Amino acid sequence: MLHLTAGRVGSRLASRAAAAFSVSSARMASTSHAVSDVVDMSKPLYWDRRDIPLPDRAFKESLTAADQSLKQKEKGPWGQLTKEEKIALYRMSFRQTYPEMNDPSAEWKTVVGGIFIFLGITGLVVLWQSIYVYPETPPTFDPELQAKQIKRMLDMRINPIEGFSANWDYEKGQWK
Amino acid sequence: MSLPKPVMRGLLGKRLRFHLPIAFTLSIISAIAFKYAVTEPRKQAYADFYKQYDSVKEFNAMREAGIFESVRPTGE
């Protein structure tokens, strides 16, 4: 029954972890909504991901007139751009900087809390099972029969060198 | 605005030159530790056990305990 518990918890953890990873690593920003929030997956998408330094398209697709004039200025020598203009051009191409992208979120608290909640629920389920589902334990689990089993193991000299019977003092008839 | 150019080459080599000696040393140390903490005491325990082992006496003790099916205790 312990194996079952571990398996159920493991599968729950795996699905939680998969959900967490898929949410955190792919923060998609597509400004090309047509009707509702449906994303056109056949066109290049923008991704903020550590391992994609140059996403498939720029972040801002529809530029205002001011943005477009800035883009024209970008075609000239870059030394003539002011610092604010360079930052504005950056923000046109990218949604987050690398430090912003890598900032830790508080999501781990949700994940750990969810894990504990599900562990608790599983514990309650196991408790209910042990009361209402499992059959009677065999008589060999009674203390008298367990003592008889131990005596038989000692008589058979199970692991007399380093293991079980090594801890029994045969002269005195007691544990060492 | 003039940052130094980042290191582009030899990254794996540098990592290996740092980590491989450590890995080898730790492995060898753990093997030696296991040998002297586990296998040598175990060999000694077996040697000590069999120095004073009287197999006939042990057999008779087991026989009297009644665990064998081919030889019953001397009383029966």
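Here the structure is a predicted model, which is why all the values come from computation and not from measurement. (Residues numbered from 1 in each chain as written. Chains lettered and ligands numbered in written order. Predicted model: local features only at pLDDT ≥ 70, side-chain atom pairs only at ≥ 80, totals over all residues. Heavy atoms only, no water.)

Chemist: Pulling in residues and values, what's your account of the overall build of chain A?
Modeler: Within chain A one finds 6 helices and 4 strands. Helices and strands appear in chain A in the N-to-C order α-β-β-α-α-α-α-α-β-β. Looking at the 176 residues of chain A, the share that counts as buried comes to 18%. Once local pairs closer than 6 in sequence are excluded, the contacts in chain A between residues at least 24 apart make up 46%. Approximately 13,300 Å² of chain A is accessible, and the part contributed by carbon and sulfur atoms is 64%. (Helix = DSSP H or I, 4+ residues; strand = E, 2+ residues; numbered from the N terminus. Buried < 20%, exposed > 50% of the residue type's maximum accessible area, 1.4 Å probe, protein only. Contact = heavy atoms within 4.5 Å. Areas by Shrake-Rupley, 256 points an atom, 1.4 Å probe, with all protein chains shown as cover.)

Chemist: Let's hear about the interface of chain B and chain A: which residues, and what values?
Modeler: Across the boundary between the two partners, chain B contributes 11 residues, which contact 7 residues of chain A. Both sides together, the interface formed by chain B and chain A hides about 860 Å², and carbon and sulfur atoms give 62% of it. The three residues of chain B that bury the most area against chain A are Phe49, Met62 and Ile67 of chain B, which together make up 47% of that side's buried surface. Across the chain B-chain A interface, the total number found is 2 residue pairs in polar contact (both at pLDDT 80 or more). (Buried area = accessible area lost by both parts, 1.4 Å probe. Polar contact = N/O pair within 3.5 Å; in protein donor to acceptor, adjacent residues only side chain to side chain.)

Chemist: Lay out helix 6 (residues 143-155) of chain A with the relevant residues and their values.
Modeler: An ideal rise of 1.5 Å per residue puts 18 Å on 13 residues; helix 6 of chain A measures up with 18 Å between its terminal C-alpha atoms. Phi turns positive, to about 60°, at Arg157 of chain A, one or two residues after helix 6 of chain A. (Expected span 1.5 Å × (residues − 1).)

Chemist: So what's going on with the confidence of the model for chain A? Which residues, and what values?
Modeler: Residues and elements named next belong to chain A. In the predicted model, chain A carries a mean pLDDT of 83, and the fraction of residues at 70 or more is 80%. The lowest-confidence element of chain A is helix 1 (residues 2-25), averaging 46 in pLDDT; the highest-confidence one is helix 5 (residues 107-132), averaging 97. Scored below 50 in pLDDT, residues 1-11 makes 6 contacts in the model with residues more than four places away or belonging to other chains. Considering only residues more than four positions removed or in separate chains, one finds that residues 17-28, a stretch of pLDDT under 50, has 15 contacts. (pLDDT = per-residue confidence, 0-100.)

Chemist: Before we move on, can you summarise the side chain of Arg157 of chain A with the specific residues and values?
Modeler: You can see Arg157 of chain A is positioned in the loop between helix 6 and strand 3 (168-169). Among residues more than four places away in sequence, those in contact with Arg157 of chain A are Ser165 and Tyr170 of chain A together with Glu58, Ala61 and Met62 of chain B.

Chemist: Got a sec to walk through helix 3 (residues 83-93) of chain A? Specific residues and values, please.
Modeler: Residues and elements named next belong to chain A. For helix 3, every residue scored as buried is listed here: Glu85, Leu89, Met92 and Ser93. Considered in projection along helix 3, the buried side chains sweep an arc of 95° and stay on one side of the axis. Structural note: helix 3 exposes Lys83 and Glu84 on the side pointing more than 90 degrees away from its buried face. Of the surrounding secondary structure, the elements contacted by the buried residues of helix 3 are helix 2 (65-74). (Arc of directions from axis to C-beta.)

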